[in-house]
Amino acid sequence: RNIVMTMQRDDDEQSEDDWGYFREEWNEAMTELAAEKNARFTLIDTVTPEFEQPTLWLKTQVHAFRYISPGKRFAFGVMTGNAYMDVEVEFIEMPAGRVLGARRYSTTSKSSEGVFSPVTAKQVQAAARALWIDGIR
């Protein structure tokens, strides 16, 4: 099974570096899950890709995110602030273009959890697993 994800963001409050790290977290989490399920995952930059063979397109809109790395959380604790994301995914069967559904994945860490609060990587892994269950199976 082919799975392709595109990601666009609503705003550019976070730096380009953080956007790159955030996208890479998604790429790693989804690639790992795809390998477990004998599927092929690709994260692409094209906003509206063309598909010739059967593919599940995960059209992803990032409404908000704040990237916090494990190193930053460990070094600075709650002073780094909360990691969060608000991501909406539309599941589209290609090349037919049939929309199978859409889901929103939102999460935020809590400063009361201290250095153990989830950083972006853990949040993305949890959301990716939920996404897999919700729309890929």
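Residues numbered from 1 in each chain as written. Predicted model: local features only at pLDDT ≥ 70, side-chain atom pairs only at ≥ 80, totals over all residues. Heavy atoms only, no water.

*Asks:* When you look at the overall build of the protein chain in this model, what are you seeing that I'm missing?
*Replies:* Along the backbone of the protein chain there are 3 helices and 5 strands. When the helices and strands of the protein chain are listed from N to C terminus, the series reads β-α-β-β-α-β-β-α. The contacts in the protein chain between residues at least 6 apart in sequence include a share of 70% that link residues at least 24 apart. (Helix = DSSP H or I, 4+ residues; strand = E, 2+ residues; numbered from the N terminus. Contact = heavy atoms within 4.5 Å.)

*Asks:* What should I look at first to understand the packing of aromatic side chains in this one?
*Replies:* How two aromatic rings sit relative to each other is set out by the distance from centre to centre and by the angle between their planes. This structure, assessed with the given rule, holds 4 aromatic pairs. Each ring, one from Phe22 and one from Phe65, has its centre 4.5 Å from the other, and the planes form 20 degrees; the classification is stacked. Here the residue Phe22 occupies a position in helix 1 (residues 16-36), and Phe65 occupies one in strand 3 (residues 55-66), the gap between them amounting to 43 residues. Through pairs of rings, three or more aromatic residues link up here, namely Trp19, Phe22 and Phe65. (Phe/Tyr/Trp six-rings, centres within 6.5 Å; stacked < 30°, edge-to-face > 60°.)

*Asks:* Looking at this structure, how should I read the pattern of salt bridges?
*Replies:* Oppositely charged side chains are able to pair whenever their charged atoms sit close together. All told, the structure shown has 6 salt bridges when counted by the stated rule. Residues Asp45 and Arg23 are paired through a salt bridge, measuring 2.5 Å at the closest nitrogen-oxygen approach. Linking Asp45 in the loop between strand 2 (40-44) and strand 3 with Arg23 in helix 1, this pair joins segments that are 22 residues apart in sequence. (Salt bridge = Lys/Arg side-chain N within 4 Å of Asp/Glu carboxyl O.)

*Asks:* For this particular structure, what's the right way to read the side chain of Thr55?
*Replies:* Among the secondary structure elements, Thr55 is positioned in strand 3. Judged by its relative accessible area of 8%, Thr55 falls in the buried class. Within the structure, Thr55 has its side chain in polar contact with the backbone oxygen of Gln53 (distance 2.9 Å). Residues contacting Thr55, with those up to four places away along its chain left out, are Asn2, Ile3, Val4, Ile92, Glu93 and Met94. (Buried < 20%, exposed > 50% of the residue type's maximum accessible area, 1.4 Å probe, protein only. Polar contact = N/O pair within 3.5 Å; in protein donor to acceptor, adjacent residues only side chain to side chain.)

*Asks:* Mind showing me how you'd approach the sheet that holds strand 4 (residues 84-94) here?
*Replies:* Two orientations exist for strands paired in a sheet by backbone hydrogen bonds: parallel and antiparallel. Here 5 strands make up an open sheet; going across it, the order is 2-1-3-4-5 and the pairing mixed. A strand with exactly one partner marks an edge of an open sheet, and here the two such strands are strand 2 and strand 5 (98-108). Each strand of the sheet is rotated relative to its neighbour by a mean of 20 degrees, with strand direction disregarded. (Pairing = 2+ DSSP bridges. Axes fitted to C-alpha atoms, helices over the stretch in contact; angles between N-to-C directions.)

*Asks:* I'm lost on the pairing of strand 3 in this one. Help?
*Replies:* Strand residues, when the strand is regular, have side chains that alternate between the two faces of the sheet. In terms of strand pairing, strand 1 (residues 2-9) meets strand 3 through 7 bridges, oriented parallel. Its bridge partner lying in strand 3, Met7 is registered against Thr60. Two strands pair when backbone bridges link them, and strand 3 and strand 4 are joined in this way by 11 bridges, in the antiparallel orientation. Paired with Thr60 across the bridge in strand 4 is Val89.

*Asks:* How should I be thinking about the environment of Ala128 in this particular structure?
*Replies:* For Ala128, the position within the fold is in helix 3 (residues 120-136). Given the relative accessible area of 0%, Ala128 is considered buried. Through-space distance from the C-alpha of Ala128 to that of Ala29 is 6.4 Å; in sequence the pair is 99 residues apart. The residues touching Ala128, leaving out its near neighbours within four places in the chain, are Trp26, Ala29, Met30 and Leu33.

*Asks:* What is the right way to read the environment of Trp19 from this model?
*Replies:* Summarising the element assignment, Trp19 is placed in helix 1. Considering only alpha carbons, one finds Trp19 and Tyr67, 48 residues apart in sequence, at a separation of 7.8 Å. Excluding its chain neighbours within four sequence positions, the residues that come into contact with Trp19 are Met7, Gln8, Arg9, Val62 and Phe65.

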